[in-house]
Amino acid sequence: MTASAPRYMARFRCIAEACEDTCCAGLTVPISESRWGLLRQKVAGTPDAARVAELITPNPDGATGQQAGILGKRADGHCAFLDEAKLCSLQRRYGEAVLPDGCSVFPRVLTRWGARVEMAGSLACPETARLCLLSEDALVREPVPEEQALRPQVARQVAAGDDAWTAHADTVREAMLRLLNRREVPFAARLYALGRMALDLGDFYFPGTTAFASTETARLASILREYESTDTLASLHAQLQALELPGGPWAGICGAVLRSREAAVSSPRFLSLMSAVRASYGGADTHPDRAWELHAARRSALASLHGARVHQYFLHHALNHVLRHPFTEAESLLNAVFLLVLRASVVRWVLLGHPAVVALLEAPGTPVAALDAAAVEAFQVVAKHVEQAPSFLDFARGLAGEGPETFARLLILVKGL
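Figured I'd write up the structure that's included with this text. (Residues numbered from 1 in each chain as written. Predicted model: local features only at pLDDT ≥ 70, side-chain atom pairs only at ≥ 80, totals over all residues. Heavy atoms only, no water.)

### With respect to the sheet that holds strand 3 (residues 56-58)
Move 1: Strand order in the open sheet formed by three strands is 2-4-3, with antiparallel pairing between adjacent strands. Only two strands of the sheet have a single partner each, and these edge strands are strand 2 (30-31) and strand 3.
Move 2: As paired elements, strand 2 and strand 4 (residues 69-71) share two bridges and run antiparallel to each other. Pairing of Ile 31 across the sheet is with Gly 69, part of strand 4.
Move 3: Against the sheet, helix 2 (residues 33-43) contacts strand 2, strand 3 and strand 4, and its axis sits at roughly 135° relative to strand 3.
Move 4: Across the sheet, helix 3 (residues 48-55) touches strand 3 and strand 4, and the angle it forms with strand 3 is around 40°. (Pairing = 2+ DSSP bridges. Helix = DSSP H or I, 4+ residues; strand = E, 2+ residues; numbered from the N terminus. Contact = heavy atoms within 4.5 Å. Axes fitted to C-alpha atoms, helices over the stretch in contact; angles between N-to-C directions.)

### A closer look at the packing of aromatic side chains
Move 1: Tallied over the entire structure, the rule returns 11 aromatic pairs.
Move 2: Ring centres of Trp 165 and Phe 327 lie 5.2 Å apart, and the angle between their planes is 85°; on these two criteria the pair is classed as edge-to-face. Here Phe 327 lies in the loop between helix 14 (288-324) and helix 15 (333-353) and Trp 165 lies in helix 7 (residues 164-167), a separation of 162 residues in the sequence.
Move 3: Since its relative accessible area comes to 4%, Trp 165 is described here as buried.
Move 4: Taking the relative accessible area as the measure of exposure, Phe 327 reaches 4% and is therefore buried.
Move 5: A centroid spacing of 5.8 Å and a plane angle of 70° characterise the contact between Trp 250 and Trp 349, whose relative ring orientation is edge-to-face. (Phe/Tyr/Trp six-rings, centres within 6.5 Å; stacked < 30°, edge-to-face > 60°. Buried < 20%, exposed > 50% of the residue type's maximum accessible area, 1.4 Å probe, protein only.)

### Structural notes on the sheet that holds strand 5 (residues 108-113)
Move 1: The mixed open sheet is built from five strands, whose spatial order is 7-1-6-5-8. Since the sheet does not close on itself, it has two edges, and those belong to strand 7 (141-143) and strand 8 (156-157), each with one partner.

### Regarding the pattern of salt bridges
Move 1: Taken as a whole and judged by the stated rule, the model has 24 salt bridges.
Move 2: Residues Arg 116 and Asp 170 are paired through a salt bridge, measuring 3.3 Å at the closest nitrogen-oxygen approach. Taken together, the positions of Arg 116 in strand 6 (residues 116-121) and Asp 170 in helix 8 (residues 169-180) put the pair 54 residues apart, joining distant regions of the chain.
Move 3: Its relative accessible area of 25% is what places Asp 170 among the partly exposed residues.
Move 4: Arg 141 is paired through a salt bridge with Glu 174; the nearest N and O atoms lie 2.9 Å apart. Placement of Arg 141 in strand 7 and of Glu 174 in helix 8 is noted, with a sequence separation of 33 residues between them. (Salt bridge = Lys/Arg side-chain N within 4 Å of Asp/Glu carboxyl O.)

Written as structure tokens, this is what we have:
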């Protein structure tokens, strides 16, 4: 097996009790039949046998196999096996092998492309977010020792079968990554170009497409080359600059996403930040147009002070998104791009409403470390409590619509960035 990872994941080490959050809270964790059986064997005859029997229960949905059991939670939402030092009592006593796959692998995300296993990271972990966002070389991909790719058998399989959708997925993904890295045009223009490229490909490249003939393969290559062109990118940048759209709808979308999650999440850390962000935009009753005015003013001011730093955050977030979320899981390439831009929009809204960022803009001499800390918190909290929530993904699908409608709505999001 060969394994690779962006450099920040090769550097990752869990900081355990020093972490400002815990991955052992706020999530429903399944355990497979095999791991559950191994755990029962390990605890047999110990005081933990009764705890395991009581606190791990059959999946209420009746699932078997990989999701046969569910780990219990305390009243505060933390895993029942988390100890006072914010460490897993099961791992400490019986080793990593007894952990459910999700606990063992997190924050690693494993994807198998043919014979190659790739390891990306979830920014729901504060340390992963720190390493990804703050190091200039964080997204450089490199080989990693096989033992770092824990439990490769649970990796998602992407490139499988003879259909065109998966057969050309790696080629398309590499083109997406190159396009995102084209720094001669602003970041929003790159996302716009990514949407246009997806729209152009969508006529003939979509899930279920049968194997391409030579003419279709050539057409795919031609479109990808077109979006490598400096002239094409310059033209698209000019188009985006000339496009005038109101910002209120963008602000309304971001606010609606966060309000819906506030109603469903119990994490004090998340709720406290969301309350502060909402207040910074004028409170719950503020009209989206007014909230947009505040956001746009902050966006301009922050760009003049720390534009390169903020660009790095969002570029790394986007590159990691492409590596961490195979677009083949979406209804179309355009829908995958739409989700990327929606996620970026929500975290941009949170970052520019973060009280530390608002304070920084009022005192421009504040060290950049304060901005970095606010960015890590904003990206991590959104990743943990918003980006993967089924309700958010359902909202994104409904908002995206289909085809040209998706592209039109993507434009609203891109202009907000």
